[in-house]
Structure formats: C-alpha cells, structure tokens
Amino acid sequence: KFLDRLAPLRSSISHVEIRQIMFGGPPKKDAVSMPGRFTHYEDGPQDPAEAVGHTFIANVDNLAQGAVHVARPRPKDQRPKGQPPLLVVHADPRKDLRINHYVNALGRKRCGDRLCTFADDTAAWADRLFAKA
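Residues numbered from 1 in each chain as written. Predicted model: local features only at pLDDT ≥ 70, side-chain atom pairs only at ≥ 80, totals over all residues. Heavy atoms only, no water.

Undergrad: What's the story with the pairing of strand β4 (residues 63–66) in this structure? I'm lost.
TA: A regular strand places its side chains on the two faces of the sheet in alternate fashion. Relative to strand β5 (residues 71–73), β4 is paired through three bridges, and the arrangement is antiparallel. Paired with glycine 66 across the bridge in β5 is alanine 71. Joining the antiparallel neighbours β4 and β5 is a turn of four residues. (Pairing = 2+ DSSP bridges. Helix = DSSP H or I, 4+ residues; strand = E, 2+ residues; numbered from the N terminus.)

So, in structure tokens, the structure goes:
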C-alpha cells in the first residue's frame, strides 16, 4: 500500500530509504523464530529522518550509487536536461515500512528489558507460519 501511493511519482524518485527499529526485550521461550521470540521494540527517534537507515528500495533508472545502507540519487549532470532534483523518500518506520532489527538474536542483550519496552507482535504471523513448517 505504501509503495502504491508512490507509483505516480516513480519517474522522479531515486530511492526509498527504509529505517530499522530495534527489537529485543524479554524473549518468549516457546517461539520458533526471531519475530516470535522478540516482540518488544525500543522507543527510538520519533522523526523518521533521525532513525537509522538500514536499506533502500531503488529506482534503478535514477540511482547513481548504492552501498550497504545508503544510496545516492543520480547527479544533475547525469539526468535528462531540465529534470528537477530527484526525490529520496523517507519511509516512516512507525506507519509505512520498516526493518525489524532483532539485535538480541545472537544472545547479547543490546536491547534489554529496560530499553525495548513497547510491545509489538505485528510480525507474530511469521512465528505461527514457521511453527507449522
């Protein structure tokens, strides 16, 4: 749904930046997957632009460079003459699109019970799916 809203602007978009939200907190022992085990997130920055960028969805016609976590739009001298600056869309991780970063997955409590306090089981469907497999 989020990307559908961007379709009319596609030719003017370089890329969509997707932010991460740190998940951790008290693990659920009976879960079979990370989405089921860690269902609490850290209350990080409220402004999506301040959240840590994690990955991107590129419009390959307008992207000049992509790396592990960042991308750059095609510069002015590499765009058709008269084309306005390309847009970089910042997806709001609380409303639009996000990466759930399970920072406690390898055993270190990077987002412990005091930091990851907001319950969010919207990815629990994945745990149920893995349990059936």
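Undergrad: Is there a simple way to think about the packing of aromatic side chains in this case?
TA: For any pair of aromatic rings, the description consists of the separation of the ring centres together with the inter-plane angle of the planes. The full count for this structure, using the stated rule, is three aromatic pairs. Both rings, one in phenylalanine 23 and one in tyrosine 41, keep their centres 5.9 Å apart while their planes meet at 50°; by these two values the pair is tilted. With phenylalanine 23 in strand β1 (residues 13–24) and tyrosine 41 in strand β2 (residues 40–42), this residue pair connects regions lying 18 residues apart in the sequence. For phenylalanine 23, a relative accessible area of 1% gives the class buried. On the accessibility criterion, tyrosine 41 (15% relative accessible area) is buried. For the ring pair tyrosine 41 and phenylalanine 118, a centre distance of 5.7 Å and an interplane angle of 25° mean the geometry is stacked. Taken together, the residues tyrosine 41 in strand β2 and phenylalanine 118 in strand β8 (residues 116–119) connect sequence positions 77 residues apart. (Phe/Tyr/Trp six-rings, centres within 6.5 Å; stacked < 30°, edge-to-face > 60°. Buried < 20%, exposed > 50% of the residue type's maximum accessible area, 1.4 Å probe, protein only.)

Undergrad: Mind showing me how you'd approach the state of the cysteines here?
TA: Disulfide: a covalent bond connecting the sulfur atoms of a pair of cysteines. Evaluation of the coordinates by the stated rule reveals one disulfide. Between the sulfur of cysteine 111 and that of cysteine 116 lies a disulfide, 1.5 Å long from S to S. One disulfide, between cysteine 111 and cysteine 116, carries an S-S torsion of 100° and so falls in the right-handed class. The pair formed by cysteine 111 and cysteine 116 is uniform in burial state, with each residue classed as buried. (Disulfide = S-S within 2.5 Å.)

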